[in-house]
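One-letter residues, chain by chain:
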Amino acid sequence: MNESIQQQVFEIIAKQAKIDVAVITPESTLKDLGIESLDAIELIFDIEEHFDITFPDQQGANFDKDTAQSLVDAVQTALDSKAADEGSK
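Residues numbered from 1 in each chain as written. Predicted model: local features only at pLDDT ≥ 70, side-chain atom pairs only at ≥ 80, totals over all residues. Heavy atoms only, no water.

### Things to note about the nonpolar core
So, point 1. Residues Val-9, Ile-13 and Ile-47 are the most contacted members of the largest nonpolar core, which totals 23 residues.
So, point 2. Elements with a contribution of two residues or more to this core: helix H1 (3–17), helix H2 (37–51) and helix H3 (68–87).
So, point 3. With seven residues, the single largest contributor to this core is H1.
So, point 4. Excluding residues that lie within four positions of it along the chain, Ile-13 makes contacts with Ile-24, Leu-33, Ile-35, Leu-43, Ala-68 and Leu-71. (Core = buried A, V, L, I, M, F, W, Y, C linked by side-chain atoms within 4.5 Å. Buried < 20%, exposed > 50% of the residue type's maximum accessible area, 1.4 Å probe, protein only. Helix = DSSP H or I, 4+ residues; strand = E, 2+ residues; numbered from the N terminus. Contact = heavy atoms within 4.5 Å.)

Below is the structure:
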């Protein structure tokens with residue numbers, strides 16, 4: 001796992017939630033961090049824009065159960081997929 005990706009995602013979450021990045025753990029859910037569902041949608045857009053990626057359809061996201069780590073993993077998967085797509089061109 002790329003530590004800088006985790007740090008960047010956590011910083012984006014902290015900015016959106018208006019909290020100190022130090023309180024975010026990989027197990028923190030978005031709900032635990034005070035991020036409501038509409039804010040979480042904006043958070044997803046911020047992450048996509050920051051990393052220049054597009055997540056698959058987020059309609060099934062569960063903000064009570066999705067963790068900060070699951071977002072980091074999703075970013076890593078999207079970046080890996082993007083790199084693979086660019087490599088095959």
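Now that the structure has been shown, we can carry on.
### Focus on the packing of H2 against H3
So, point 1. Here H2 crosses H3 at 35 degrees, and the two axes come no closer than 11 Å. Crossing handedness for the pair H2 and H3: right-handed. Of H3, the residues touching H2 (which contributes Leu-43, Ile-44, Ile-47 and Phe-51) are Leu-71, Val-75, Leu-79 and Lys-82.
So, point 2. Split into classes, the residues belonging to the contact of H2 with H3 amount to seven nonpolar, no polar and one charged. (Axes fitted to C-alpha atoms, helices over the stretch in contact; angles between N-to-C directions. Left-handed = near helix turned anticlockwise from the far one by under 90°. Nonpolar A, V, L, I, M, F, W, Y, C, P; charged D, E, K, R; others polar.)

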